[in-house]
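A closer look at the structure
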Amino acid sequence: MFSPDQENISTSSTKVPVKYGELIVLGYNGSLPNGDRGRRKSRFALFKRPKSNGVKPSTVHVACTPQAAKAISNKDQHSISYTLSRVQTVVVEYTQDSNTDMFQIGRSTESPIDFVVTDTVPGSQSNSDTQSVQSTISRFACRIICQRTPPYTARIYAAGFDSSKNIFLGEKAAKWKTSDGQMDGLTTNGVLVMHPRHGFTEDSKPGVWREISVCGNVFTLRETRSAQQRGKMVENETQELVDGSLIDLCGATLLWRTAEGLSRTPTVKHLEALRQELNAARPQCPVGFNTLAFPSMRRKDIVDEKQPWVYLNCGHVHGYHNWGNRDVERDGREGRERECPMCRARGPYVPLWLGCEAGFYLDAAPPTHAFSPCGHVCSEKTVVYWSQIPLPHGTHTFHAACPFCAQQLSGEQGYIRLIFQGPVD
């Protein structure tokens, strides 16, 4: 044991680093299917760096051939090259900025990338499914620049610097000269951002999706992700991330949580306490009269014999049973529907899973509702909020999805209120 004096010495010498915030990938319920490894994980914390590594634009070189551009962009200096034609390239050099820290996100595993993100396959439980898909996430997708002094503002920019410290916008990329003579552009599939209204709280409402340019300007969306024509510039909006901002990289969507926002969010410990409380109420199967229990967080993907199941059209919670099967024809395919023994409502019958990724919760209320059709359970405010958010899907569609598994929501609302039967005794 320490004496009080020794304890003070030991804590003051290990200074806790400042945390700017965390990025959480939608579609993973607390960790990647095969476990988090190194820079590839389901959530990434951004801490103040021991030494700043931010950069800011400085010299602009115009009207040079691509060969000359290569000579200008030396390996020790960050630069962005805009190829306008075969005979003209504009190179913008960047210098060190001691006031900011830079974090880069993308699919590449090269060292400049701090957080490696791969395509999310909705509802997939193993990473093997994800590798066969041709990725639409850029190798150097975006960068986040954080102020090293309070209020530690985080700003997002499209594209990241590669191993030779260069961002290269080829002839086909959308690019243009700005009114003040600077250059700007968009990446192939774009970086989209949505800031919620009223922060990430019980009162949150979805905002509007925008596209962020290489220089951090805000635009309305293009007609499709990779269209040549940029959207309109939105003058009164900024690229500053707020608690609950969503960042879409065309293949994966990230949720930004500020350190302050996370301090108000339920912890995994709290979710575990809610699980135990739910199980302590000894919910029963209204037919088999056996007691149901949500499996522990560690066993969140294996169907347990005590696992609660739900009829998605009515919300009645049962234990697993085999009756009530109805073969129905739908779109020419045979599908299985089940009839609820309590109310005769017909519909899908699925196991219930606890939402274990605390960062997706808007409040710390008990888990009373489930997303449809996946059966992930969380608080009412949380299901209502996520069911209203149109998440980008593919290159030009949007749909609401469960944040815990990325499966597209179905049914009228996309969620259901759970009706538990208490113990009879």
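Residues numbered from 1 in each chain as written. Predicted model: local features only at pLDDT ≥ 70, side-chain atom pairs only at ≥ 80, totals over all residues. Heavy atoms only, no water.

The name recorded for the protein in an unreviewed UniProt entry is E3 ubiquitin-protein ligase pellino homolog 1, from Carassius auratus. Among the UniProt annotations of the protein, the heading Sequence similarities (unreviewed entry) holds the following wording: "Belongs to the pellino family." (UniProt positions renumbered as here; feature names shortened; annotations may be inferred.)

1. Overview of the packing of aromatic side chains
Using the criterion set out here, one finds 16 aromatic pairs in the structure. Among the aromatic side chains, those forming a connected cluster through ring pairs are F200, F360, Y361, F371, Y385, W386 and F404. For the cation-ring pair, R230 lies above W176, with the distance from its terminal atom to the ring centre recorded as 4.3 Å. (Phe/Tyr/Trp six-rings, centres within 6.5 Å; stacked < 30°, edge-to-face > 60°. Lys NZ or Arg CZ within 6 Å of the ring centre and 35° of its normal.)

2. A word on helix 5 (residues 268-280)
With 13 residues, helix 5 should reach 18 Å at 1.5 Å per residue; the first-to-last C-alpha distance of 18 Å fits that figure. The set of residues buried in helix 5 consists of L271, L274, R275, L278 and N279. The buried residues of helix 5 occupy an angular sector of 135° when the element is viewed end-on, so they sit on one face. Residues of helix 5 that are exposed and angled more than 90 degrees away from the buried face: K269, E277 and A280. Buried positions along helix 5 lie against strand 24 (353-354). After helix 5 finishes, the residue R282 shows a positive phi value of roughly 45°. (Helix = DSSP H or I, 4+ residues; strand = E, 2+ residues; numbered from the N terminus. Expected span 1.5 Å × (residues − 1). Buried < 20%, exposed > 50% of the residue type's maximum accessible area, 1.4 Å probe, protein only. Arc of directions from axis to C-beta. Contact = heavy atoms within 4.5 Å.)

3. What to know about the nonpolar core
Grouped together as the largest cluster of nonpolar side chains are 46 residues, with contacts concentrated most on L23, L46, I105, I144, I156, I247 and L249. Residues within four places of L249 in sequence aside, it is in contact with I105, T136, I137, A141, C142, G190, V191, R225 and L254. Counting 31 residues, the second-largest nonpolar core is a separate cluster that includes L246, C356, W386 and L409. (Core = buried A, V, L, I, M, F, W, Y, C linked by side-chain atoms within 4.5 Å.)

4. So, the side chain of D184
Considering the arrangement of structural elements, one finds D184 in strand 12 (residues 183-185). One buried charge, D184, has no salt-bridge partner; the nearest side chain with opposite charge is R230, at 7.7 Å. Side-chain polar atoms of D184 contact the side chain of S213, separated by 2.7 Å. If we skip the residues at most four places from it in the chain, D184 touches Y82, K175, W176, T178, S213, V214, C215, N217 and F219. (Lys, Arg positive; Asp, Glu negative; His and termini not counted. Salt bridge = Lys/Arg side-chain N within 4 Å of Asp/Glu carboxyl O. Polar contact = N/O pair within 3.5 Å; in protein donor to acceptor, adjacent residues only side chain to side chain.)

5. Quick notes on the sheet that holds strand 17 (residues 253-258)
Paired through backbone hydrogen bonds, the strands of a sheet run either parallel or antiparallel to each other. Strand order across the open sheet formed by seven strands is 2-1-17-16-13-14-15, with antiparallel pairing between neighbours. Across the chains shown, the open sheet's two edge strands, defined by having one partner strand only, are strand 2 (43-47) and strand 15 (218-219). Bridging between strand 16 (residues 246-248) and strand 17 involves three bridges; their strand directions are antiparallel. Across the sheet, the residue bridging to I247 is L254, located in strand 17. (Pairing = 2+ DSSP bridges.)

6. Quick look at the sheet that holds strand 6 (residues 100-106)
Read across the sheet, four strands follow the order 7-6-8-9 without closing on themselves; strand pairing throughout is mixed. One side of each edge strand has no neighbouring strand; the edge strands of this open sheet are strand 7 (115-116) and strand 9 (154-158). Relative to strand 8 (residues 142-147), strand 6 is paired through six bridges, and the arrangement is antiparallel. Each bridged residue has a counterpart across the sheet, and for M102 the counterpart in strand 8 is I145.

7. With respect to the environment of K306
Inspection of the secondary structure assignment puts K306 in the loop between helix 5 and strand 18 (309-311). With 13 residues separating them along the chain, K306 and G319 place their C-alpha atoms 6.7 Å apart. Apart from residues lying up to four places away in sequence, K306 is in contact with T291, L292 and A293.

8. Some points on the environment of I167
Looking at where I167 falls in the secondary structure, it is placed in strand 10 (residues 166-169). Judged by relative accessible area, which is 4%, I167 ranks as buried. Spatially, the C-alpha atom of I167 lies 8.2 Å from that of H78, the residues being 89 residues apart in sequence. Ignoring any residue separated from it by four or fewer positions in sequence, one finds I167 in contact with S79, I80, S81, R143, A159, G160 and F161.

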